[in-house]
Amino acid sequence: MSLLLKNRGAMLLLMLNIFLIFTGVGLVIPIMPTYMNILHINGSILGLLVAAFSLTQLLFSPLAGKLSDSWGRKKIIIAGMLVFAFSEWLFGFASSPFLLFASRMIGGIGAALTMPAVMAYTADVTTDEERAGGMGFINAAITTGFIIGPGIGGFLAEYGVRVPFYAAAAAAAVAALITLLILPESARPKTRTSAESVPKNKQNLLTQLMSSYREPYFLSLIIVFVMSFGLANYETIFGLFVDHKFGFTPKDIAFIITFGSISGAVVQVTIFGWILNRFGEERVITTCLIIASLFIVLTLFVQQFWAITLVTFILFLSIDILRPAIGTQMSKMAHDQQGYVAGLNSAFTSLGNIAGPVIAGLLFDIHIDYPYLAAALVLFACFLLSLRAARKSRMVA
């Protein structure tokens, strides 16, 4: 029996936890235009508010990855879920921008604790051949969270704009309790004690980021950053973009995000492993980058509701295939440092999630189209970089 099938109960629980994290993150997307009106927030403040979550996620992710290696995945997952539950409650309670910032920063700590531990646990309970499938399941949970989050946010907001966040807090707390009672600790590979691995465990965040260029997976980390930059840029401004340009309601926004995301979840749990095994990580990553770049530009030219929905659908599909493809590529290079590499993955994701919203908010206040032009340009530049790297890799082979 394969390790993935043997540990299917644990995988389901991991998927539940990461699903709830991203459901909580997705809740805010259709509601933020309303919050902006209530608290008189402009695009620049909104960008900083979204970036605050990723800033603390960046600062804590490498530490969380190492803690999951030394203390165990289960303890870190439970701690992360409890911290995230508190942050969701605080966001619902907040009546000032200061408390909103505090909530998002605390939420970033919760996500930083949970995500690397979940990824590392998945690597522990899968073989190299099963890794793509396992990562596909986890990323399907992430995608589904984004699918369900805006829909739940749009629906529950009918009963009060703060109700969705209280519900998310309760769900995360219940998930932490279930994890405590049911999830077994994973059987991890023995930690290396050679001179090669010890220095990494003693490095601080800045040193880890600065020295990551020497790692074989550095290009993958750059793509993680660019992908996160483009997606965070797109999602941060999307609600404002369609609200200002077309007068879309929170329900309209929720529908488009939901429909645009659903394809990714289906692909990840059905044929993602086959796609990666058939075409290889490099080709899949390169193709997804150029598609994402082109369809972000198309967003600026379509006007009908159905056309915006279709463009968003294809854009999200490319990103939802790209994310687990990069994760699988890096996990194969990580060997017995799965937690460390997962922490770096999360850190570079956070860097993109910081830069994307901040720049998007600033550009939005200048011109409504500028954020998407910037995102498309960065993704296209990364596409060219990935083409060059793939060509060099083939020449070496």
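Refer to the preceding data block for the structure.
Please read these numbers as outputs of a predicted model, since none were measured by experiment. (Residues numbered from 1 in each chain as written. Predicted model: local features only at pLDDT ≥ 70, side-chain atom pairs only at ≥ 80, totals over all residues. Heavy atoms only, no water.)

Participant: Tell me about a nonpolar patch on the surface, residues and numbers included.
Facilitator: Taken together, the side chains of Leu 16, Val 174, Leu 177, Ile 178, Leu 180, Leu 181 and Ile 182 present a nonpolar region at the surface, about 640 Å² in accessible area. A per-element tally of the nonpolar patch places helix 8 (residues 163-182) first, with 6 residues. Mapped onto the secondary structure, Leu 16 falls in helix 2 (residues 8-27). (Patch = residues over 30% accessible without salt bridge, like charges linked within 9 Å, V, L, I, M, F, W, Y side chains within 5 Å. Areas by Shrake-Rupley, 256 points an atom, 1.4 Å probe, with all protein chains shown as cover. Salt bridge = Lys/Arg side-chain N within 4 Å of Asp/Glu carboxyl O. Helix = DSSP H or I, 4+ residues; strand = E, 2+ residues; numbered from the N terminus.)

Participant: Outline the nonpolar core, listing residues and values.
Facilitator: Grouped together as the largest cluster of nonpolar side chains are 75 residues, with contacts concentrated most on Phe 238 and Leu 322. With 12 residues, helix 11 (residues 218-246) is the single largest residue contributor to this core. In terms of domain composition, this core takes at least three residues from each of domain 1 (1-184) and domain 2 (204-396). Ignoring any residue separated from it by four or fewer positions in sequence, one finds Phe 238 in contact with Ile 253, Ile 256, Ile 257, Ile 308, Thr 312 and Tyr 372. (Core = buried A, V, L, I, M, F, W, Y, C linked by side-chain atoms within 4.5 Å. Buried < 20%, exposed > 50% of the residue type's maximum accessible area, 1.4 Å probe, protein only. Domains from an automatic or database assignment. Contact = heavy atoms within 4.5 Å.)

Participant: An account of the layout of surface pockets is requested, with residue identities and associated values reported.
Facilitator: Approximately 160 Å³ is the volume attributed to the second largest pocket. What lines the second largest pocket is Val 267, Ile 275, Phe 279, Arg 283, Val 284, Thr 287, Cys 288, Ile 291, Ile 314, Leu 317, Ser 318 and Ile 321. Among the secondary structure elements, those contributing two or more residues to the lining of the second largest pocket are helix 13 (272-279), helix 14 (281-298) and helix 15 (305-334). Of the residues forming the lining of the second largest pocket, the biggest block, 5 residues, is contributed by helix 14. Looking at the lining of the second largest pocket, its residues break down into 9 nonpolar, 2 polar and 1 charged. (1 Å grid on protein atoms, 1.4 Å probe; cavity = no way out; pocket = protein on both sides within 12 Å on 5 of 7 lines; lining within 4 Å. Points joined across faces, edges and corners; volume = space filled by probe spheres on them. Nonpolar A, V, L, I, M, F, W, Y, C, P; charged D, E, K, R; others polar.)

Participant: Requested: an account of the packing of aromatic side chains, with residues and values cited.
Facilitator: Tallied over the entire structure, the rule returns 11 aromatic pairs. With 6.4 Å between their ring centres and 40 degrees between their planes, Phe 225 and Phe 229 make a pair best called tilted. Separated by 4 residues within a single helix, Phe 225 and Phe 229 lie in helix 11, roughly one turn from each other. We classify Phe 225 as partly exposed; its relative accessible area is 25%. Classification of Phe 229 as buried rests on a relative accessible area of 6%. These aromatic residues form a ring-pair network of at least three members: Phe 241, Phe 246, Phe 248, Phe 255, Phe 305 and Tyr 372. Across the ring face of Phe 91, the terminal group of Arg 104 is positioned such that the distance to the ring centre comes to 5.2 Å. The ring of Phe 279 carries the charged tip of Arg 278 above its face, separated from the ring centre by 5.1 Å. (Phe/Tyr/Trp six-rings, centres within 6.5 Å; stacked < 30°, edge-to-face > 60°. Lys NZ or Arg CZ within 6 Å of the ring centre and 35° of its normal.)

Participant: Break down the side chain of Thr 299 for me, with residues and values.
Facilitator: Relative to the helices and strands, Thr 299 resides in the loop between helix 14 and helix 15. Here Thr 299 falls in the buried class, since its relative accessible area comes to 3%. For Thr 299, the residues in contact, after removing those within four places along its chain, are Tyr 234, Phe 241, Val 311 and Tyr 372.

Participant: Mind laying out the pattern of salt bridges, listing which residues take part and the relevant values?
Facilitator: Oppositely charged side chains can form a pair if their charged atoms are brought close together. By the definition in use, this model includes 2 salt bridges. Arg 104 is paired through a salt bridge with Glu 88; the nearest N and O atoms lie 3.7 Å apart. Here Glu 88 lies in helix 5 (residues 73-93) and Arg 104 lies in helix 6 (residues 97-124), a separation of 16 residues in the sequence. Residue Arg 104 is classed as buried on the basis of its relative accessible area, which comes to 8%. Across the pair Lys 245 and Asp 369 runs a salt bridge whose closest N-O atoms are separated by 3.6 Å. A residue pair is termed long-range when its members are at least 10 positions apart, and Lys 245 in helix 11 and Asp 369 in the loop between helix 16 (338-366) and helix 17 (370-396) qualify at 124 residues.

Participant: An account of the side chain of Asn 17 is needed here, citing residue identities and associated values.
Facilitator: When you line up the elements, Asn 17 lands in helix 2. At 2.9 Å, the side chain of Asn 17 forms a polar contact with the backbone oxygen of Leu 13. With residues up to four places along the chain from it excluded, the contact list for Asn 17 reads Ile 77, Met 81, Ala 175 and Thr 179. (Polar contact = N/O pair within 3.5 Å; in protein donor to acceptor, adjacent residues only side chain to side chain.)

Participant: Tell me about the packing of helix 5 against helix 6, residues and numbers included.
Facilitator: For the pair helix 5 and helix 6, the least separation of the axes is 7 Å and the interaxial angle reads 155 degrees. By the angle between their axes, helix 5 is roughly antiparallel relative to helix 6. Regarding helix 5 and helix 6, the two cross each other, and that crossing is left-handed. When the residues that make up the contact of helix 5 with helix 6 are grouped by side-chain class, the tally is 20 nonpolar, 6 polar and 4 charged. (Axes fitted to C-alpha atoms, helices over the stretch in contact; angles between N-to-C directions. Parallel < 35°, antiparallel > 145°, perpendicular 65-115°, else oblique. Left-handed = near helix turned anticlockwise from the far one by under 90°.)

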